[in-house]
Structures are given as C-alpha cells and as structure tokens.
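# Commentary on secondary and tertiary structure
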Amino acid sequence: MNADRALRDPHDDGLNDHAREQIEASLAAHAGRPGPLLQVLHEVQDRLGYVPAAAVPVIAEALNVSRAEVHGVVTFYHHFRQSPAGRHVIQLCQAEACRAMHCEQLTQHAQRKLGIGLHETTADGRYTLEPVYCLGNCACSPAMMIDGRLYGRVTPESFDDLIAPLS
Ligand code: FES
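Per an unreviewed UniProt entry, the recorded name for the chain is NADH-quinone oxidoreductase subunit E, and the organism is Steroidobacter gossypii. The annotation that UniProt attaches to the chain under Cofactor (unreviewed entry) is "[2Fe-2S] cluster". UniProt, in its Sequence similarities (unreviewed entry) section for the chain, records the words "Belongs to the complex I 24 kDa subunit family."

So, in structure tokens, the structure goes:
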C-alpha cells in the first residue's frame, strides 16, 4: 500500500452519510440469505432511487463477490438505474402486446417531445424516460406508467395531455 492510500480515510468511498446508511441498511436487511445480490440491489434502488457506482465495491465486499459481478448485474438489468432519475419517471412498455399496438411510434413521439432517448433524463432533471417489459396492462396496449401510475391505450395526443400538467 502506498503512503497516499495509507493516509486515506478507509470510508472515503465517494458515498455521503445518507447513501452509506441506506446501503448498509439494505445489506443488513438481506444478511444471511442465500444469493442476496439482486435483493440488495433492489433495496438500494428503492431507498436511493438508483445504484450509485460507489455502492458497487461496498456491496461486493459485504457479499464477498467480485466488483465485476455486482457491476455486471447492475448493467444487465434495465431495471437498475446508475444515475438519479428525474422528478417524473415515464415508463413506456416495449413488450409484445404493446408492440402489436405500435408502442414504437409512441416511444418515438415521447423521445421527440422530451428531447431525450430511453434511459435518459432531461437536462432540467424533470423527466426520465425508461423502457419496461410488460406492465400487466396488455389488454389496454400500448401502456405506460408515469410516477407509478398506470395508463392504457396511450396515443401521442394523450401522452402530451398526460405530461402537460407536469411541465
Ligand atoms: S405488453 Fe405492454 S402491458 Fe403487457
């Protein structure tokens, strides 16, 4: 270990106190369970809204798995955010029934309207646009969710109407 590293605060991992507490609470909630990585990551995201990069080595060490494994899971599942979401999260279903009802056109409209792609957040931090794969609302495709509220048979026009009050 070089002198510089030896002088570093061992807890200086780039996490603030709140984030560190939430990550430790997530780890404690699943301690002793078999294969807890996914549950821990879900809980961290529920508590913080995303999984900070600085959480990866903390979780890896606590669960005795490699950083690469934790990073691999975070990046494999679209569900996990690697940066904070905007104030309003818009989730557009991309699964089969919604595809049959032209969700691609709705998605393109949403992207144009907000000026962002999927997995992106507007520069003002107002909106995050995310793909999801079946919201359980297939009979009313295409479906989307705004801040946890479900909508069906969404058209470009109704999309505009739904986000207008959020602007
Ligand atoms: S496929 Fe979109 S809600 Fe089921």
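Here the narrative resumes.
Turning our attention to the sheet that holds strand β2 (residues 120-121). Strand order in this open sheet of five strands is β2-β3-β1-β4-β5, and the pairing throughout is mixed. The outermost strands of the open sheet, each flanked by one partner alone, are β2 and β5 (149-151). Pairing between β2 and strand β3 (residues 127-132): two bridges, direction antiparallel. Residue pairing for β3: T121 is matched across the bridge by T128. In this fold helix α7 (residues 103-114) packs onto β1 (88-93) and β3, with an angle of close to 155° to the strand it touches most, β1. In the packing of helix α8 (residues 156-163) onto the sheet, the strands contacted are β1, β3, β4 (144-146) and β5, and the crossing angle to β4 comes to about 10°.

Within this structure, the stated rule accounts for two aromatic pairs. Ring geometry for F76 against Y77: centres 4.9 Å apart, planes inclined by 90°, an arrangement best described as edge-to-face. The interplanar angle of 85° and the centroid separation of 6.3 Å between the aromatic rings of Y77 and F80 together place this pair among those described as edge-to-face. Residue classification places F80 among the buried positions, given a relative accessible area of 5%.

Gaps left between atoms are located by rolling a probe of water-molecule size over the structure's atoms. Within this model, the second largest pocket holds a volume of roughly 280 Å³. Contributions of two or more residues to the lining of the second largest pocket are made by α3 (37-48) and β3. At three residues, the largest contribution of residues to the lining of the second largest pocket is made by β3. Here the residues of the lining of the second largest pocket are counted per class, giving four nonpolar, five polar and three charged. Composition of the lining of the second largest pocket by domain shows at least three residues from each of domain 1 (3-76) and domain 2 (88-166).

For the coordinates displayed, the defined rule picks out five salt bridges. Across the pair R126 and D124 runs a salt bridge whose closest N-O atoms are separated by 3.6 Å.

Definitions and cut-offs
- Residues numbered from 1 in each chain as written.
- Predicted model: local features only at pLDDT ≥ 70, side-chain atom pairs only at ≥ 80, totals over all residues.
- Heavy atoms only, no water.
- UniProt positions renumbered as here; feature names shortened; annotations may be inferred.
- Pairing = 2+ DSSP bridges.
- Helix = DSSP H or I, 4+ residues; strand = E, 2+ residues; numbered from the N terminus.
- Contact = heavy atoms within 4.5 Å.
- Axes fitted to C-alpha atoms, helices over the stretch in contact; angles between N-to-C directions.
- Phe/Tyr/Trp six-rings, centres within 6.5 Å; stacked < 30°, edge-to-face > 60°.
- Buried < 20%, exposed > 50% of the residue type's maximum accessible area, 1.4 Å probe, protein only.
- 1 Å grid on protein atoms, 1.4 Å probe; cavity = no way out; pocket = protein on both sides within 12 Å on 5 of 7 lines; lining within 4 Å.
- Points joined across faces, edges and corners; volume = space filled by probe spheres on them.
- Nonpolar A, V, L, I, M, F, W, Y, C, P; charged D, E, K, R; others polar.
- Domains from an automatic or database assignment.
- Salt bridge = Lys/Arg side-chain N within 4 Å of Asp/Glu carboxyl O.

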